[in-house]
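Coordinates in review
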Amino acid sequence: MQRQLSGLICYVAGLVVRIILDMAKFPFGKFLRARPDSCQVFGNWIFNALYALAGVSFWRGVWFLLRIDVGIETYKLLFVLLGSLFVLVLNKVPNSLISSPLAISIDDHEQLGVSSSFFQKSQDSGCWFFLDVLFTNIVMRQLVVFCWWSLWSLENKFFFYQNMGEQGAVISYDSLLVGYVGVVISTFLDKMIQKFCSHSSVTGKVFSTVVTLLAFFSCVNVWRGLWSFLNVFFLPNLDSDANYLIGHLVGLLGLTGLLVTSTIASDSIVVDSDKIGEVVSVRYWVR
């Protein structure tokens, strides 16, 4: 009961804060554009930090509630995974499943003026903008978490067990290997599709969807592997609270120095265009 309450509180808090930030995104971006560069950088950093914090709370809440209320039987996990993937692919938003290391977002306050919701509404749309924000957070972003949770939980049955919230002593070398091999293959296939497939052909779109799903699978495995690696090797002699705090600060400072804090706040719903677009979005040196 205590874990369920903890999950519910995290879910509601993350959801509410995300909705508020999505609503405030456009006016805050407009406010920053009229300020000096230093204020724009700092304001963008603050927004990213709050958005990422709310995202972690939201993901943790959904993750806990699914584990408790749905369960981790194989047939249930398969149903959640395949059903969620079907809805996302049908609505042309499977790219929303991809995270680092196959998606990096460079810090830029201009991003606060770009819609990240499902129907791409702006503040000028009035109540439709509010409904778009609600639908994006309550439906589409939860489907993304459903996919990650169900795939991660399924792999716990076949790969080395790793569960968020449990500090185990086993490193998922299998996930690390599969994840990074998948990253290389996804990147290669994406480049091949861009080079050899027609931008509007059905075959190209099918191949692009397959690469998107492979990229999603690869990202989940990289996260599983690195999560287990940090559990074992990152400051193992410290108690868990100090370990997590230092890890958070090191990661945040590193992302800040590299100007990529937007990556931890890029929970956008990416809608496919009519033409084939890139699946892998990594352009750190080429801007």
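Preceding this section is the structure that the text describes.
We now turn to the structure provided with this report. (Residues numbered from 1 in each chain as written. Predicted model: local features only at pLDDT ≥ 70, side-chain atom pairs only at ≥ 80, totals over all residues. Heavy atoms only, no water.)

Assigned secondary structure in the protein consists of seven helices and zero strands. Along its sequence from the N terminus, the protein presents helices and strands in the succession α-α-α-α-α-α-α. In terms of C-alpha radius of gyration, the protein reaches 19 Å, essentially the compact-globule figure of 19 Å for 287 residues. By principal-axis analysis of the C-alpha atoms, the protein measures approximately 50 × 45 × 40 Å. A buried classification covers 40% of the 287 residues belonging to the protein. At a minimum sequence separation of 6, the contacts of the protein that also span at least 24 residues come to 83%. Roughly 15400 Å² of accessible area belongs to the protein as shown, and the carbon and sulfur atoms make up 71% of that amount. On the protein, the mean spot of the 20 positive side-chain charges and the mean spot of the 19 negative ones are 4 Å from each other. (Helix = DSSP H or I, 4+ residues; strand = E, 2+ residues; numbered from the N terminus. Rg over C-alpha atoms; globule rule 2.2 N^0.38 Å. Buried < 20%, exposed > 50% of the residue type's maximum accessible area, 1.4 Å probe, protein only. Contact = heavy atoms within 4.5 Å. Areas by Shrake-Rupley, 256 points an atom, 1.4 Å probe, with all protein chains shown as cover. Lys, Arg positive; Asp, Glu negative; His and termini not counted. Charge placed at Lys NZ, Arg CZ, Asp CG, Glu CD.)

Using the criterion set out here, one finds one cavity of 30 Å³ or more in the structure. Volume-wise, the largest cavity comes out at about 70 Å³. Those elements that provide at least two residues to the lining of the largest cavity are helix H1 (2–33) and helix H4 (127–158). The class makeup of the residues in the lining of the largest cavity is three nonpolar, four polar and four charged. (1 Å grid on protein atoms, 1.4 Å probe; cavity = no way out; pocket = protein on both sides within 12 Å on 5 of 7 lines; lining within 4 Å. Points joined across faces, edges and corners; volume = space filled by probe spheres on them. Nonpolar A, V, L, I, M, F, W, Y, C, P; charged D, E, K, R; others polar.)

We now examine the nonpolar core. Formed by 43 residues in total, the largest nonpolar core has its most connected members in Leu88, Leu97, Trp148 and Phe216. Contributing elements (two or more residues each) for this core: H1, helix H2 (37–70), helix H3 (74–90), H4, helix H5 (173–196) and helix H6 (202–233). Take this core: its biggest share by element is twelve residues, from H4. Setting aside chain neighbours within four positions, we find Trp148 in contact with Trp59, Trp63, Leu97, Ser99, Phe216, Cys219, Val220 and Trp223. (Core = buried A, V, L, I, M, F, W, Y, C linked by side-chain atoms within 4.5 Å.)

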